[in-house]
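Single-letter residue listing:
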Amino acid sequence: MMSSPAPRTLLVLLLIYGVASLVHFIHNAEFIADYPNMPASWSRAKVYAAWLGLTAVGVFGWLLVSRGYQLAGLLFVVVYAALGLDSLGHYVLAPMSAHTVGMNSTILLEVTAAALVLIEAVRLMAGRVSAIRSTRR
């Protein structure tokens, strides 16, 4: 366990991603019938449940990071960010042109925010691994 303070930039990016993700999932849930080629089994409630599950991964990661379990927490944050990139799956179901401006905006906002979290988490992990290696020498 490392006693360094939780990285503020990561927290800010996680909050931005959390909001972007919520906006996308709300849009998706409320307009589920309008999203092209969405599986018929998906419902409004399932979309909200998926967001809660996804967000729980990120919150757990941040809690670990903020309590000094940097590497373990950052691993969860990386998974959380990777799950946000999965929103690009909308474009596997249908091309960008089949989506409305609102759909594309929320998808791309979430994916961009998730990518920024992923980059920051990987950067922090690389720094932690490097610090661990240097203390073992």
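Quick note: structure is the one above.
Reading guide: rules and limits
Residues numbered from 1 in each chain as written. Predicted model: local features only at pLDDT ≥ 70, side-chain atom pairs only at ≥ 80, totals over all residues. Heavy atoms only, no water. Helix = DSSP H or I, 4+ residues; strand = E, 2+ residues; numbered from the N terminus. Expected span 1.5 Å × (residues − 1). Buried < 20%, exposed > 50% of the residue type's maximum accessible area, 1.4 Å probe, protein only. Arc of directions from axis to C-beta. Axes fitted to C-alpha atoms, helices over the stretch in contact; angles between N-to-C directions. Parallel < 35°, antiparallel > 145°, perpendicular 65-115°, else oblique. Left-handed = near helix turned anticlockwise from the far one by under 90°. Contact = heavy atoms within 4.5 Å. Nonpolar A, V, L, I, M, F, W, Y, C, P; charged D, E, K, R; others polar. Core = buried A, V, L, I, M, F, W, Y, C linked by side-chain atoms within 4.5 Å. Phe/Tyr/Trp six-rings, centres within 6.5 Å; stacked < 30°, edge-to-face > 60°. Patch = residues over 30% accessible without salt bridge, like charges linked within 9 Å, V, L, I, M, F, W, Y side chains within 5 Å. Areas by Shrake-Rupley, 256 points an atom, 1.4 Å probe, with all protein chains shown as cover. Salt bridge = Lys/Arg side-chain N within 4 Å of Asp/Glu carboxyl O.

K.L.:
Explain helix H3 (residues 70–85) to me, using residue names and the numbers behind them.
P.N.:
Along an α-helix, residues three or four apart share an orientation, since each turn contains 3.6 residues. The terminal C-alpha atoms of H3, which comprises 16 residues, lie 22 Å apart, in line with the 22 Å expected from a rise of 1.5 Å per residue. Within H3, burial applies to Gln70, Gly73, Leu74, Val77, Val78, Tyr80, Ala81 and Gly84. Along the axis of H3, the buried positions cluster into a sector of 165°, meaning they face one direction only.

K.L.:
Explain the packing of helix H2 (residues 44–66) against H3 residue by residue, including any values.
P.N.:
Closest axis-to-axis distance for the H2/H3 pair is 7 Å, and the angle between their directions is 155°. As the angle between them shows, H2 and H3 are arranged roughly antiparallel. When the axes of H2 and H3 are compared, the crossing they make is left-handed. Every residue of H3 that contacts H2 at Leu54, Thr55, Val57, Gly58, Phe60, Gly61, Trp62, Leu64 and Val65 is listed here: Gln70, Ala72, Gly73, Leu74, Phe76, Val77, Val79, Tyr80, Leu83 and Gly84. When its residues are assigned to classes, the contact of H2 with H3 shows 13 nonpolar, 6 polar and no charged.

K.L.:
With reference to specific residues and values, describe the nonpolar core.
P.N.:
In a soluble, globular protein the nonpolar side chains are often hidden away together inside. Grouped together as the largest cluster of nonpolar side chains are 29 residues, with contacts concentrated most on Leu10, Leu14, Tyr17, Leu54, Leu74, Val77 and Val117. Mapped by element, the contributors of at least two residues to this core are helix H1 (8–30), H2, H3 and helix H5 (101–136). The residues touching Val117, leaving out its near neighbours within four places in the chain, are Leu10, Leu13, Leu14, Tyr17, Val77 and Ala81.

K.L.:
Report on the packing of aromatic side chains, specifying residues and quantitative values.
P.N.:
Scanning the entire structure with this criterion turns up 2 aromatic pairs. The interplanar angle of 45° and the centroid separation of 4.3 Å between the aromatic rings of Tyr17 and Tyr80 together place this pair among those described as tilted. Here Tyr80 lies in helix H3 and Tyr17 lies in helix H1, a separation of 63 residues in the sequence. Take Tyr17 and Tyr80: they sit in the same class, and that class is buried. Taking the centre distance of 4.8 Å and the plane angle of 85° together, the rings of Phe60 and Phe76 count as edge-to-face. Of the two residues, Phe60 is situated in helix H2 and Phe76 in helix H3; the sequence distance between them amounts to 16 residues.

K.L.:
Please give an account of the environment of Leu22 that cites residues and values.
P.N.:
As for its position among the elements, Leu22 is in helix H1. Owing to a relative accessible area of 32%, Leu22 belongs among the partly exposed residues under this scheme. Distance in space between the C-alpha atoms of Leu22 and Ala81 is 14 Å, their sequence separation being 59 residues.

K.L.:
Residues and numbers for unusual backbone geometry, please.
P.N.:
Positive phi, normally seen in glycine, also occurs at Asn37, with a value near 60°. On the secondary structure map, Asn37 appears in the loop between H1 and H2.

K.L.:
Could you give me a rundown of the packing of H1 against H3, with the residues and numbers involved?
P.N.:
Here H1 crosses H3 at 30°, and the two axes come no closer than 12 Å. In this view, H1 runs roughly parallel relative to H3, as classed from their interaxial angle. Regarding H1 and H3, the two cross each other, and that crossing is left-handed. Taking contact as the criterion, the partners of Leu10, Leu14, Tyr17 and Gly18 in H1 are, on H3, Leu74, Val77, Tyr80, Ala81, Leu83 and Gly84. Each residue belonging to the contact of H1 with H3 can be placed in one class, and the counts come to 8 nonpolar, 2 polar and no charged.

K.L.:
An account of a nonpolar patch on the surface is needed here, citing residue identities and associated values.
P.N.:
A contiguous nonpolar surface patch, about 250 Å² in accessible area, is contributed by Val19, Val23 and Leu109. Checked against the element boundaries, Leu109 lands in helix H5.

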